[in-house]
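# An overview of the molecular structure
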Amino acid sequence: MTKSKIHRNWWKEAIIYQIYPRSFKDTSNNGIGDIKGIIDKLDYIKSLGVTMVWLNPIYKSPNDDNGYDISDYRAIMEEFGTMAEFDELLAGLHKRGLKFVMDVVVNHSSDEHQWFQESRKSRDNKYRDYYHWWPAEKGKPNYRWSFFDEKSDAWKYDAQTDAYYLHYFSQKQPDLNWENPKVRQEVYDIMKFWADKGVDGFRLDAFQFVSKDITFPPLPEGYHDTVPSVIKHHGMGPHLHAYLKEMNKEVLSKYDVFAVSEGVGSSLEDAHDLVDETRGELQMAYHFESTDLVSSLDKCTLAEFKECFTKWDTSFEEEGWLSIYLSNHDQARMVNRFGNAKPAFKEVSAKMLNTFILSMKGTPYTYYGDELGMTNNGFTRIEEYRDIAAINGYKSLEAKGGNVALYLKIMNLLSRDNGRTPMQWDASENSGFSIEKPWLPVNKNYKTVNVAVQEKDPNSVLNHFREMVALRKENLVFVYGKYTLLQKEHKTIYAYTRILENEKMLVLLNFSEKNSNISILGLSKNSNVLINNYNRLTIAKNSVELAPYQAVIIRL
Ligand code: TEU
């Protein structure tokens, strides 16, 4: 790619830090993180070098799904603080040159939202059509799958009006009816409310589900209850793009903001249709294919990992823009899934994964704690979980007589709660997160894995992260340069170049527990090594030897 073809945008050059507010820092002494806690840590966030912060939902919510069930889109959750504190947070971020992304959860609301409270009262209520209702006299509606329902059933019978309502997520998360123009206008007004306050971006939660076939026909042959099949047959409906064009016209185009979609449908084409610049819809999306690479106890191979990222990069080389991430609040910790959590390797592999995220094309997202290499807590009993997905998944399986022992093993590796444990600030009780018992236990390794310890160590995961962030910010080649996979067949090393005009970077990542060699011509002891997660590098004639999980970036 030549520089003339680059279409620069601030959101392409951004480095996003995602904060799960419930778990970042508690200042009100209730064991739950809050907005003031984030304000207290703004200088830390700034010190990372990141340029933007995304917070999971902070709106008023009964917390059936930790804030993804919203009962008032213009109010702040009491546990998290007040609107005045939110304003202070936004001003504090902006004062430090940091931008802010708001999570927008509008595929569904909470059943405690005033719209739903009205909607369920009577069939002729003016809010009735804000949701999807199926009158019982028509018989039971055709099956739809629910992510969080104990019976996996997305239809819930409501006796008050003798009808079923639709909920793709929990029973307390009824799906909003986007066919209704009033609903869409409500959403745009909400987005404008936050844009007028100065937020810089929106993350559209579960957005691929807003448009659906509202005749709810039987699901076709070949459908099964797995997330890709659910997406294909429950979402990406006929009006999705019309809604997005409308949202762009009504909101996005009127502010200097960007919007990122959670999920991209079922194919590369679906993804392009959401984000290509000519379409006038969204700016960015994140697909699930990479995180889904680890969705069972069998971890993915390096070949699959390379293939996935290369496929998406190739497709988006000329047109469209994606996010690069390895974890978020819906995933267990990246070190356990893609790195190696054994004591000898957890730090180096965390550094290697951060090197990867921050040297790839696309906007990188780092999930809080990954800059320290935080790892899974490893819950073993169902009583230890707080996540509705884990709890109701267990109940659903138990009712069907499934293998709950295996389920617990899988959850131990993959549960979302693994990625939601409190931020590890220091070695004091509860890791400096709270003086009260935290809502979810702190990881047992907090005495050694924490900010205070890592600040002091120039070789820590934290300081490596800062170094990588700085390198990316200083070199546009990491943002816009062409990505080329080298030696695709190499079993243990992921090697690629990033090239922008005369700038050429070589990235070498050893994804294994063993020393590995790769033949690369033209390197010597004098090569310009910009990043190295070890204090040595063995370059022999025409080949490089990498130590376990060694990650290096060399300017060619
Ligand atoms: O997630 C939507 C989604 O499709 C999945 O990521 C799913 O929730 C997850 O794999 C189940 O384990 C979004 C949010 O990111 C998630 O936190 C919310 O629970 C969900 O929407 C409902 O709002």
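Described in the following lines is the structure provided in the data block. All values reported here derive from a predicted model rather than from experimental measurement. Sequence order as written defines the numbering, with residues in each chain counted from 1. The predicted nature of this model means local features are confined to residues of pLDDT at least 70 and side-chain atom pairs, given and counted, to a pLDDT of 80 or more, with totals for whole chains, interfaces and linings taken over all residues. Only heavy atoms go into the side-chain values, all of them from the structure, while hydrogens and water stay out.

Residues are classed as near a molecule or strand on a simple rule: at least one heavy atom within 4 Å of it. Residues in contact with the ligand amount to 13 residues; listed here are only the nearest, Asp65, His108, Asp205, His329 and Asp330. Here Asp205 contributes a side-chain N or O atom positioned 2.9 Å from an oxygen atom of the ligand. A 3.5 Å cut-off defines polar contacts: any pair of N or O atoms within that distance qualifies, except that in protein one atom must be a possible hydrogen donor and the other a possible acceptor, and neighbouring residues in sequence count only when both atoms are side-chain atoms. In this structure, Glu262 approaches the ligand through a side-chain N or O atom, which is 3.0 Å from an oxygen atom. Burial of the ligand by the surrounding chains reaches 89%, relative to a free accessible area of 490 Å². Under this grouping Gly is polar, as are all residues other than the nonpolar Ala, Val, Leu, Ile, Met, Phe, Trp, Tyr, Cys and Pro and the charged Asp, Glu, Lys and Arg. For the shell around the ligand, the class distribution of residues is four nonpolar, three polar and six charged. Only the protein chains shown count as cover for residues, and all accessible areas are computed by the Shrake-Rupley method using a 1.4 Å probe.

Right, let's talk about the packing of aromatic side chains for a bit. Only rings of Phe, Tyr and Trp enter the pairing, Trp through its six-membered ring, and a pair is recorded when the two centres are within 6.5 Å. The plane angle decides the type: under 30 degrees is stacked, over 60 is edge-to-face, the rest tilted. Enumeration over the complete set of coordinates arrives at 50 aromatic pairs. With a centroid separation of 5.7 Å and 10° between ring planes, the pair formed by Phe116 and Trp133 is classed as stacked. You can see Phe116 sitting in helix H4 (residues 114–119) and its partner Trp133 sitting in strand S6 (residues 133–135), a full 17 residues away along the chain. For the pair shown, Phe116 and Trp133 are each scored as buried. Considering the side-chain rings of Tyr494 and Phe511, the 6.3 Å spacing of their centres and the 50° angle between planes classify their relative orientation as tilted. One end of the pair, Tyr494, is in strand S15 (residues 493–500); the other, Phe511, is in the loop between strand S16 (503–510) and strand S17 (516–519), and 17 residues separate them in sequence. The cut-offs for exposure are 20% and 50% of the maximum accessible area for each residue type, with area from a 1.4 Å probe on protein chains only; residues under the lower value are buried, those over the upper are exposed, and the others partly exposed. Exposure remark for Tyr494: the relative accessible area of 0% places this residue in the buried category. The class of Phe511 is buried, set by a relative accessible area of 15%. Strands are runs of DSSP state E lasting at least two residues, helices are runs of H or I lasting at least four, and both sets are numbered from the N terminus onward.

Moving on, we come to the pattern of salt bridges. In the sections that follow, a salt bridge refers to a side-chain nitrogen of Lys or Arg positioned within 4 Å of a carboxyl oxygen of Asp or Glu. As enumerated under the stated definition, the model contains 33 salt bridges in all. The partner of Asp111 in a salt bridge is Lys172, and the shortest N-O contact between them spans 2.9 Å. Of the two residues, Asp111 is situated in the loop between strand S5 (99–104) and H4 and Lys172 in the loop between strand S8 (163–166) and helix H5 (181–197); the sequence distance between them amounts to 61 residues. Overall, Lys172 belongs to the partly exposed group, its relative accessible area being 22%. With a shortest N-O distance of 3.0 Å, Glu455 and Arg466 are connected by a salt bridge. On the criterion of sequence distance, the pair formed by Glu455 in helix H14 (residues 451–456) and Arg466 in helix H15 (residues 461–474) is long-range, its members being 11 residues apart. Given the relative accessible area of 37%, Glu455 is considered partly exposed.

Lines are fitted to the C-alpha atoms to define the axes, a helix being fitted only along its stretch in contact, and any angle between axes, read from their N-to-C directions, falls within 0 to 180 degrees. In contact at an axis separation of 11 Å, helix H3 (residues 83–95) and H5 are set at 55° when each is read in the N-to-C sense. One finds that H3 runs oblique with respect to H5. Residues Met83, Phe86, Asp87 and Leu90 of H3 lie in contact with H5, whose contacting residues are Phe193, Trp194 and Lys197. Of the residues contributing to the contact of H3 with H5, the split by class is five nonpolar, no polar and two charged. Angles below 35 degrees are treated as roughly parallel, those above 145 as roughly antiparallel, those between 65 and 115 as roughly perpendicular, and all remaining angles as oblique. Whether two residues are in contact is decided by their heavy atoms: any pair within 4.5 Å suffices.

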